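Notes for the structure review
If you want the building blocks of each chain, they are given just below.
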Amino acid sequence: MFPLSIALIAIIDQTNGKFFSDLYKEYGKKSYYIALKIVMNHHDAEEVVQDTFLKIYKVIEKVHNLPREKIAPFIVICIKHTAFDLIEKKRKRVETVDLIYDDDGEEKEYEVADDSPLPDEIVISKERAMNLGRCIDSLSEKQRHIILLRYYYGLSEKEIADLMSMSESAVSSCVDRAKKSLRERIGGDYR
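All of the points below concern the structure found in this document.

The rules behind each value
- The numbering scheme is per chain: residues are counted from 1 as the chain's sequence reads.
- Residues qualify for local features only when their pLDDT is at least 70, as the model is predicted, and side-chain atom pairs are given and counted only at 80 or more; totals for whole chains, interfaces and linings, by contrast, use all residues.
- Side-chain metrics in this entry use all non-hydrogen atoms of the structure; hydrogen atoms and water are not considered.
- Helix numbers and strand numbers start at the N terminus; a helix is a DSSP run of H or I with at least 4 residues, a strand a run of E with at least 2.
- Residues count as neighbours in contact if any of their non-hydrogen atoms are within 4.5 Å of one another.
- By this rule the span expected of a helix is its residue count minus one, scaled by 1.5 Å.
- Relative accessibility under 20% of the residue-type maximum defines a buried residue, over 50% an exposed one, and the middle range a partly exposed one, all with a 1.4 Å probe and only protein chains included.
- Here the arc refers to the directions that run from the helix axis out to each C-beta atom.
- Two N or O atoms form a polar contact when they lie within 3.5 Å of each other; inside protein one atom must be a possible hydrogen donor and the other a possible acceptor, and for residues adjacent in sequence the pair counts only when both atoms belong to side chains.
- Any Lys or Arg side-chain nitrogen located within 4 Å of an Asp or Glu carboxyl oxygen qualifies as a salt bridge.
- Each Phe, Tyr or Trp ring, with Trp reduced to its six-membered ring, pairs with another whose centre is within 6.5 Å; inter-plane angles below 30 degrees give stacked pairs, above 60 give edge-to-face pairs, and intermediate values give tilted ones.

Within the secondary structure layout, Ile 186 lies in helix α9 (residues 168-186). When residues no more than four places from it in sequence are discounted, the contact partners of Ile 186 are Asn 131, Leu 132 and Cys 135.

Take helix α3 (residues 42-58) next. Across its 17 residues, α3 extends 25 Å between first and last C-alpha, which sits within 8% of the 24 Å expected from 1.5 Å per residue. Among all positions of α3, only Asp 44, Ala 45, Val 48, Val 49, Thr 52, Phe 53 and Ile 56 are buried. Along the axis of α3, the buried residues cluster in a sector spanning 165°; they form a single face. Turned more than 90 degrees from where α3 packs its buried face, His 43 and Lys 58 sit exposed. Sitting at the head of α3, Asn 41 places a side-chain oxygen 2.8 Å from the backbone nitrogen of His 43.

Turning our attention to the pattern of salt bridges. Note on pairing: side chains with opposite charge can pair once their charged atoms come close. Summed over the entire model, instances satisfying the criterion amount to 4 salt bridges. One salt bridge connects Arg 68 with Glu 26, and the closest N-O pair in it is separated by 2.6 Å. Of this pair, Arg 68 sits in helix α5 (residues 68-96) while Glu 26 sits in helix α2 (residues 17-39), and the two are 42 residues apart along the sequence. For the salt bridge of Asp 162 with Lys 158, the shortest nitrogen-to-oxygen distance reads 3.5 Å. Taken as a pair, Asp 162 and Lys 158 lie in helix α8 (residues 157-164) at a separation of 4 residues, close to a single helical turn. By relative accessible area, which is 47% here, Lys 158 ends up partly exposed.

This part takes up unusual backbone geometry. For Met 40, which is not glycine, the phi torsion reads 60° and is therefore positive. Its place among the elements puts Met 40 in the loop between α2 and α3. Classification of Met 40 by relative accessible area gives exposed; the value is 66%.

Attention now moves to the packing of aromatic side chains. What the rule picks out here adds up to 4 aromatic pairs. Ring geometry for Phe 20 versus Phe 53: centroids 6.3 Å apart, planes at 65°, classification edge-to-face. Taken together, the residues Phe 20 in helix α2 and Phe 53 in helix α3 connect sequence positions 33 residues apart. Assigned by exposure class, Phe 20 and Phe 53 land together as buried. Ring-pair connections join several aromatic residues into one group, and the members of that group are Phe 20, Tyr 24, Phe 53 and Tyr 57.

Printed below as a string of C-alpha cells:
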C-alpha cells in the first residue's frame, strides 16, 4: 500500500508519476526493512521510507537518468542517511529536554539519560570496523564486489546474479567462500 503523499505524487505528476510509483513498488518494501534494521521501530521506519522517497522525488529527473544498476544502491544510501538523520534528530530532542512541569505547575529538573556509547566502546567498534574493512579489501575483486552488494547495499543473491551476469548458485558459493575467508582472517569476533 502506498503512503498518501507518494500516491498523490504518482497521480498528480504526469511526467514522472509512473516512474516514481514503479520505483516505490520495486524498492519500498526493501527500503522499509533496511530502515527498520537501523531505527528498530516500525513507525520510524515508515517515516524514514516516506521521507526518503519524498527526497528522491525532488531529484527524480536525476534518478530517472541513472543506469538501472545504480538505482538500488542510490536508494539504499538515501535510506541509510535518512535513518541516521532521524536517529540524530531524536537524540538531540531528548538532550534538549531538561525541565519538566509537575502536576502543581512547578518546574522540576530531571536528568536525561544519555544512551550514547562510552569512549572505549567507540574505539573498539572503530577498530573492528577498520579490521573488517582491511579484510574485505584483501578479498578477490569478485568476492569484494559481491560481499558489498550483498551486505552493504542489501541486494539479494538473485539481484546480484542478474547484475553480474552470474548464476544464483555461483553468487551463493562466492558469498560463502568470502564469508569463510573473512571468518578465518578476522577470527571468532564476527558471525
